[in-house]
Every structure is written in structure tokens, then in C-alpha cells.
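Single-letter residue listing:
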Amino acid sequence: MTRFSGWNVFWQGMTGQKGWARQWRDPQPKSHYDVVIVGGGLHGLATAYYLASNHGIRNIAVLEKGWVGGGNAGRNTTIVRSNYAQPGNREFYEHSLKLWENLSHDLNYNVMFSQRSHIALLHSPGAIDAASRNYNTMRLTGTPDAEIWDLDRLKQAVPHLNYAADARFPIMGAAVQTRAGTARHDAVVWGYARAADQLGVDIVQNCGVTGVVREAGRITALETPRGRITAGKIGFAVAGNTSRLWTMAGLGRLPIESHKLQAFVSEPLKPLLDQVVVFGMGGSHFYISQSDKGGMVFGGDLDWYKSYAQRGNLPIVQDVAEAAMSVMPCLGRVKLLRHWAGVVDMSMDGSHFICRTPLDNLYLNTGWNYGGFKATPASGWWFADLIANDRPAPMIANFDLKRFERGLQIDERGAGPDPKLHG
Amino acid sequence: MIRIPCPFCGPRDHAEFSYGGDGSITYPALDAPLEAWHDAVFLRENICGRQVETWQHVHGCRLWLKVERDTMSHEIYSVTPADPALAKVLEGGE
């Protein structure tokens, strides 16, 4: 495998770009692995990479039913931030952000991580107070870049928002995280796949799990279209499809529901927006950034009903367009290029699960709600740690399936146990 | 857009309705053990395929409905009032 470097790019440029090999192998699955990760998305591949690089496990397979980058890894809106206030979440996401900061070097793959700041607009004195409380909490617990901006500072940074005093929700300020930003989603999933492959991980695409063979309290094998695969340890990292695998394993019910979340991209424009801007007010929700190719990448709320279909509905397109016009009226004549939907694993408190399961050799990674993309490095890091050491590290101690039985909900929004409200 | 045939108002766009959630849950008695409440409040079967769920026709008759819908194709198989007494009246029972 050719290592990426300035010299190699130069040399390949001089010699007709003929020397690049494929980025990862396309292996036939073996009949046995020490660890099998089901789900070749961002979290599954990151887990395999950290199992190999942090824990020295080399006999690993990642089973992917489609192709690498074809699921939610290719459907998200690429935002990375760590502005969480609840204990557990804030440490986890801050760790994730720190891993993002060095990810391109770590993977030898440019993930185009751009710390362009994340600006959440505030529309009332009460909202400024609430955001101040959360962002002060962040500063006190290890996230130094949490700031509250007044209107003058905000206008200087983003001059073309709708600052009309008679707007339905006039902008009064913003809660800002300056180390937050975006990364190139394809590069992240390809980078992890390439780095894991280099450490000997078999990435098996077009290989969905069709059956789970159980014996007493363990899984003995997984049935796939490419044969039966036995494994010492098995990790599920399949986001919106977790309940289907869980049922296949005969394990009953889970505290998650699958919902679909839409995203949109416009035709490419010249540089227009140098930050991530978020608007959330009443029943309206809108977030936007500009990709390096120039497209405005944006999204809004869930489609509001449970669904496994990877296609969005039109009322939400209208909602998002209306919110866009109220926040950034200059977008009015911009053409929409594409919109799509991904199936997300909405949990009962809006927080995730990285935990052991009722089966001895099965481990679970799910419940990422809206925010799976930014969690990728830490999710893989701690899921690998759990699988390798067979015990939850303190960082993920409360992210188990039993937390509701203990009366604990890690609920950032305070929305209560209704999955569709944790957007 | 999903079209939901409301038994009172006729076929309407789903934007007129508010989604309730899993309609197969039966809530336990108030003095039932905590585990029963935990299961009812927090655990979901999360079916991929045909499931029973509740919707409220908030911009119509305002009644809660039980809708049998496919969560992959979004096809609707049946819509009845969530209140069993009302469903019985509609069936011509009383």
C-alpha cells in the first residue's frame, strides 16, 4: 500500500498517476475470526481499526451488507462538535473531538477536518441564559472553546443572516464552539477502511448477516450469503437496523426506534458560509454549512414517524425550506441538487449505548440519534476497548442497556422517553 | 406524503396528523411492579414491516386512531379509532 505523502503525490503527478493501488483488499471471508464486527459503516470500521491498532487484535472481519460509504456514512451532514452538558456525554464527545483533531495524521488520510466553528443562534433572553449555563458547564469540564457571542460579534462573523428586528424570531446572540466544524464524510469512512485493512482487518462487502446461530448464552456463528462465519467475539454496529439483528439473535426488545432523517445539498456556490449555523426555535429546526465543493449542506427535523425506508417525505422539505428562508433569505434563488434520508437509531433518552449484552460474546453499539458522525472516533475507540477487555471503561459506564432500570436518563434536551423528540 | 384514510374525515395527508408511536403497548396498572413500567415506557419491538401504531388527527376530528402500517413501504392496511368502544360503534355493533 502506498503511503500518502507530499512526495508521493508529487511523484505520481510526474509519472501519470499510475502507481496508486486499490485502497483496501476485497477478501473472501474466512470461516473463523477472533472478532467479527457487523456493520461496515463509520463506527464499525473505526472499531475494527482501534481493535487492531490499540489492542493488537489482528484476526478481525467487518461484515457490510452493502458497500463501504453507502449507508449513513454517506448520508450525514458532516458536523463535528462537542457542545454537550450532561455528565458522560460531554467527556465522551470532547474525547471524540480530540481524536478528530489528529485523525488525518493517525489514518494517513486527509479527512478534511475543518474547525470552522459551530454557531447555534439564540432568540430570547431565556435561551441565552440556558445556553450560558450549558456552555459554562462545558468550560468547567474540559471544553475550553465554548463562547457566548453578542449580536455585534455575530454580525461581524456571519453578516448575511436575517437580523431583521421584526423577524418572527429575532436573532439575539449565539452559542459558539470554535473548535467544532465539519469533516469530509467519505474520506472518514474510506480512511478508516484503508487504515484497518492495512492492519490486516478483512472488510467483506455485500455480506449482510441473514441469521444468528445461538447456543445457550453465546452466539456461535453468523449466517451470511458468503457462508457461515464463526467468531470468538461479535460486535453489532448497524445503527438503524439494530433491532432487526437483535430480533434475529432472539433477544427481544431494545430502547430504540428507527426513524428517518433527511439532508439536502444545493448546487455549488462560491464561498458563502464559513461556519456551521444552527437555528432551532419552536417547531422549526435548520442547520447549514458549506462543503468544500461549494454545495450548501443542510437539514432539519426527523420525518416524525417511525420508518426503515431510506427516503424522505415532502412536508419536511417544505419545513426546512421555510426555516432556511427565515434564517438566510439569500438562499431563496439557490437550486436544490439532491435530498435523501438515512435511517437513524433514535434512543429513549437521546444518548447512545456501548455495552455488553445478555449474550456472553456479543457487544452492542447503537442509539446514535442525530449525532453519530461526530461520535465516530470515540465510538470506535471505546467499543474496541470494551470488546478487547470485556469490561466497560469508566467513560462508557453509564451507556449500557440497564441505565433506565437504574432511573438514569442521559437526556440533553429534557424531552422525555419519546425517540422522535431527541433531534 | 402518506395518505391516511381517517374513518371520520376520509383520506387525508399525514401532515394533518400527529404521530403517537407503537400502538401495541398496553400500559400496566398504576401499582404494577417497576419492571413492568420500565418495559412499557422504554422498550420497543421496533418492527421492520407491518406494525400497529397510534396517530392523532390533530387538524381534523382530533381523535386518536390505531393505524396498521408497513414501516418499510409505508403502506396502510387498516385505520380504526383507538377507543375500542368507538371502534365497535363504527363497526355497527351498537
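This write-up is about the structure you can find in this document.

1. Some points on the packing of aromatic side chains
All names here are of chain A.
So, step 1. Under the definition given, this model contains 22 aromatic pairs over all chains.
So, step 2. Centre to centre, the rings of F4 and W20 are 5.5 Å apart; their planes meet at 50°, and the pair counts as tilted. Separated by 16 residues along the polypeptide, F4 in the segment before α1 (6-14) and W20 in the loop between α1 and β1 (32-38) bring together distant segments of the chain.
So, step 3. Judged by its relative accessible area of 26%, F4 falls in the partly exposed class.
So, step 4. Since its relative accessible area comes to 28%, W20 is described here as partly exposed.

2. Focus on the interface of chain B and chain A
So, step 1. Every contact between the two is made by 24 residues of chain B and, on the other side, 25 residues of chain A.
So, step 2. Of the charged contacts in the structure, one is a salt bridge between A:E257 and B:R44, with a shortest N-O distance of 3.5 Å.
So, step 3. At the boundary of chain B with chain A, the tally comes to 17 residue pairs in polar contact (both at pLDDT 80 or more).
So, step 4. Its residues assigned to classes, the side of chain B that touches chain A shows eleven nonpolar, eight polar and five charged.

3. Some thoughts on helix α10 (residues 372-389) of chain A
Residues and elements named next belong to chain A.
So, step 1. The end-to-end C-alpha separation of α10 is 24 Å, in line with the 26 Å expected for 18 residues at 1.5 Å each.
So, step 2. In the structure, α10 departs most strongly from a straight axis at A378, where the bend amounts to approximately 40°.
So, step 3. A large share of α10 lies buried, amounting to 15 of its 18 residues.
So, step 4. With its phi angle positive at about 55°, D390 sits one or two positions after the end of α10.

4. Quick notes on the packing of helix α3 (residues 89-101) of chain A against α10(A)
Residues and elements named next belong to chain A.
So, step 1. Two elements in contact, α3 and α10, have axes whose closest approach is 8 Å; the angle formed by their N-to-C orientations is 95°. What the angle tells us is that α3 and α10 run roughly perpendicular. Here F92, Y93, H95, S96, L99 and W100 of α3 come into contact with α10, specifically with F373, K374, A375, T376, P377, A378, S379, W381 and W382.
So, step 2. Taken together, the residues of the contact of α3 with α10 sort by class into ten nonpolar, four polar and one charged.

5. What to know about the packing of helix α2 (residues 42-55) of chain A against α10(A)
All names here are of chain A.
So, step 1. At a minimum axis separation of 7 Å, α2 and α10 run at an interaxial angle of 45°. Considering the angle they form, α2 stands oblique to α10. α10 is crossed by α2, and the crossing has right-handed handedness.

Cut-offs and rules
Counting from 1, residues in each chain are numbered in the order their sequence is written. Chain letters and ligand numbers both follow the written order, the letters beginning at A and the numbers at 1. Residues qualify for local features only when their pLDDT is at least 70, as the model is predicted, and side-chain atom pairs are given and counted only at 80 or more; totals for whole chains, interfaces and linings, by contrast, use all residues. Computation of side-chain values: all heavy atoms of the structure, hydrogens and water removed. Here a Phe, Tyr or Trp ring, Trp counted by its six-membered ring, pairs with any other such ring whose centre lies within 6.5 Å, and the pair is stacked when the planes are under 30 degrees apart, edge-to-face when over 60, and tilted otherwise. To qualify as a helix, a DSSP run of H or I must reach at least 4 residues; to qualify as a strand, a run of E must reach at least 2; elements of each kind are numbered from the N terminus. With a 1.4 Å probe rolled over the protein chains alone, any residue whose accessible area is under 20% of its type maximum counts as buried; one over 50% counts as exposed, and the rest are partly exposed. Two residues form a contact once any of their heavy atoms are found within 4.5 Å. Take a side-chain nitrogen of Lys or Arg and a carboxyl oxygen of Asp or Glu: if they are within 4 Å of each other, that pair is a salt bridge. Residues adjacent in sequence count toward polar contacts only when both atoms are side-chain atoms; beyond that, a polar contact is any pair of N or O atoms within 3.5 Å, and within protein one must be able to donate a hydrogen and the other to accept it. Amino acids outside the nonpolar list (Ala, Val, Leu, Ile, Met, Phe, Trp, Tyr, Cys, Pro) and the charged list (Asp, Glu, Lys, Arg) are all regarded as polar, and Gly is one of them. Here the expected span of a helix is defined as 1.5 Å times the quantity of residues minus one. For a residue, the bend is simply the angle between two axes, fitted respectively to the seven-residue segment ending there and the seven-residue segment starting there. For every element, the axis is a line fit to its C-alpha atoms; helices are fit only across the contacting stretch, and the angle between N-to-C directions ranges from 0 to 180 degrees. For classification purposes, an angle smaller than 35 degrees is called roughly parallel, one larger than 145 roughly antiparallel, one from 65 to 115 roughly perpendicular, and anything else oblique. Left-handed is the label given to a crossing in which the near helix is rotated counterclockwise from the far helix by less than a right angle, and right-handed is the label when the rotation is clockwise.

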